[in-house]
Amino acid sequence: MIYIEKINIVGNSYPGSHILNKNFEIVCSEINLLVGDQGCGKSTLLSLLQKNHSDIKLQLSKHTMKSGVDSFYFNSEYDNPRITDPEMYTTLNGESKGIGIGGALNSRFQSHGEVLETFIINPLLKAKDCVVILDEPESGLSITNQFKMIDAINKAVKNNCQFFIATHCYPLIESFNVISLEHSEQMKGVDFINKVKK
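K.L.:
How would you sum up unusual backbone geometry? Please name residues and give values.
P.N.:
Negative phi is the rule for most residues except glycine; trans is the rule for most peptide bonds. Not every positive phi belongs to a glycine, and Asp129 is a case in point at roughly 55°. Along the chain, the position of Asp129 falls in the loop between helix H4 (112-126) and strand E8 (130-135). With phi around 50°, Ser184 is a residue other than glycine that occupies positive phi space. For Ser184, the location among the structural elements is in the loop between strand E10 (177-180) and strand E11 (185-188).

Below, the structure is given as structure tokens:
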């Protein structure tokens, strides 16, 4: 399901980016990977998207405008339950997900990756009918769990989820098309990898 069809960015007024300096229209798909060097505005765009901010213009599908849509937002820099409030939890489709109330105390005995597996991969396996916004969800995940995350994303897409993901994850980029903010261009992930290798 595509809930957000297009995102229009006005380059010279786009906050937080010294790289994206021209207008850029993003034609959205079910899985939208935001890639590029540090400082190109990936996290900024996700934050604006999550807040439905006026600095970007969204073209919503008719289904979204009629029904509204739930969203699930995870930022690996701020939302790690090992270092945040022990009562931290999030909801997905109206149900508590992730670590849960008091769960951060138990997470002290798990690795960073084990906590993130619980907090990201498990909820995605149950996700349906929502927009999922993830900021570097691969942080701390092993290669095995990165591939599990890709499988969970594909399953969630079949359950009518649309994804916006800022990432540096090689397996994720290699698997899908990407939106390169530093190039103001949409392309195959493998083409982006070849472009930045040069």
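K.L.:
Give me the lowdown on the pattern of salt bridges, citing residues and values where you can.
P.N.:
Counted by the stated rule, this structure contains two salt bridges. Between Glu25 and Lys6 there is a salt bridge, with the nearest N and O atoms lying 3.9 Å from each other. Of this pair, Glu25 sits in strand E2 (residues 24-27) while Lys6 is found in strand E1 (residues 4-9), placing the two residues 19 residues apart along the sequence. Look at Lys6 and you get partly exposed, because its relative accessible area is 25%. Here Glu185 and Lys195 are joined by a salt bridge, their closest N and O atoms 3.2 Å apart. Placement of the pair is Glu185 in strand E11 and Lys195 in helix H7 (residues 189-197), with a sequence separation of ten residues. Here Lys195 falls in the partly exposed class, since its relative accessible area comes to 34%.

K.L.:
Could you give an account of the packing of H4 against helix H5 (residues 143-158), naming the residues involved and the relevant values?
P.N.:
Where H4 contacts H5, the two axes come as close as 8 Å, and the packing angle between them is 30°. Comparing the axis directions of H4 and H5 gives the class roughly parallel. The element H4 and its partner H5 pack so that their crossing is left-handed. Note on element contacts: H5 touches H4 through Asn145, Lys148, Met149, Ala152, Ile153, Lys155 and Ala156, opposite Glu117, Ile121, Leu124 and Leu125. Of the residues assigned to the contact of H4 with H5, the class counts are seven nonpolar, one polar and three charged.

K.L.:
Please give an account of the sheet that holds strand E4 (residues 56-60) that cites residues and values.
P.N.:
The sheet built from three strands is open, its strands ordered E2-E1-E4 with antiparallel pairing. Bordering the open sheet on either side are E2 and E4, each of which pairs with just one other strand. Going across the sheet, the axis of each strand differs from the next one's by a mean of 15°, ignoring polarity.

K.L.:
Tell me about the environment of Leu172, and please be specific about residues and values.
P.N.:
Within the element layout of this structure, Leu172 appears in helix H6 (residues 170-175). Between the C-alpha atom of Leu172 and that of Ile150, which follows or precedes it by 22 residues, the distance is 6.7 Å. Non-local contacts of Leu172, meaning those with residues more than four positions away in its chain, are made with Leu33, Met149, Ile150, Ile153, Ile165 and Thr167.

K.L.:
Break down the pairing of E1 for me, citing the residues and quoting the values.
P.N.:
Note: E1 against E4, five bridges, orientation antiparallel. Across the sheet, the residue bridging to Ile9 is Ile56, located in E4. Pairing between E1 and E2: four bridges, direction antiparallel. Along E2, the bridge assignment pairs Lys6 with Val27.

K.L.:
Quick rundown of H5? Include the residues and the values.
P.N.:
Look at H5: 23 Å from first C-alpha to last across 16 residues, which is about the 22 Å you get at 1.5 Å a residue. Listed as buried for H5 are Asn145, Gln146, Met149, Ile150, Ala152, Ile153, Ala156 and Val157. Taken around the axis of H5, the buried residues stretch over an arc of 165°, which confines them to a single face. Turned more than 90 degrees away from the buried face of H5 sit Thr144, Asp151 and Lys158, all of them exposed.

Parameters at a glance
- Residues numbered from 1 in each chain as written.
- Predicted model: local features only at pLDDT ≥ 70, side-chain atom pairs only at ≥ 80, totals over all residues.
- Heavy atoms only, no water.
- Helix = DSSP H or I, 4+ residues; strand = E, 2+ residues; numbered from the N terminus.
- Salt bridge = Lys/Arg side-chain N within 4 Å of Asp/Glu carboxyl O.
- Buried < 20%, exposed > 50% of the residue type's maximum accessible area, 1.4 Å probe, protein only.
- Axes fitted to C-alpha atoms, helices over the stretch in contact; angles between N-to-C directions.
- Parallel < 35°, antiparallel > 145°, perpendicular 65-115°, else oblique.
- Left-handed = near helix turned anticlockwise from the far one by under 90°.
- Contact = heavy atoms within 4.5 Å.
- Nonpolar A, V, L, I, M, F, W, Y, C, P; charged D, E, K, R; others polar.
- Pairing = 2+ DSSP bridges.
- Expected span 1.5 Å × (residues − 1).
- Arc of directions from axis to C-beta.

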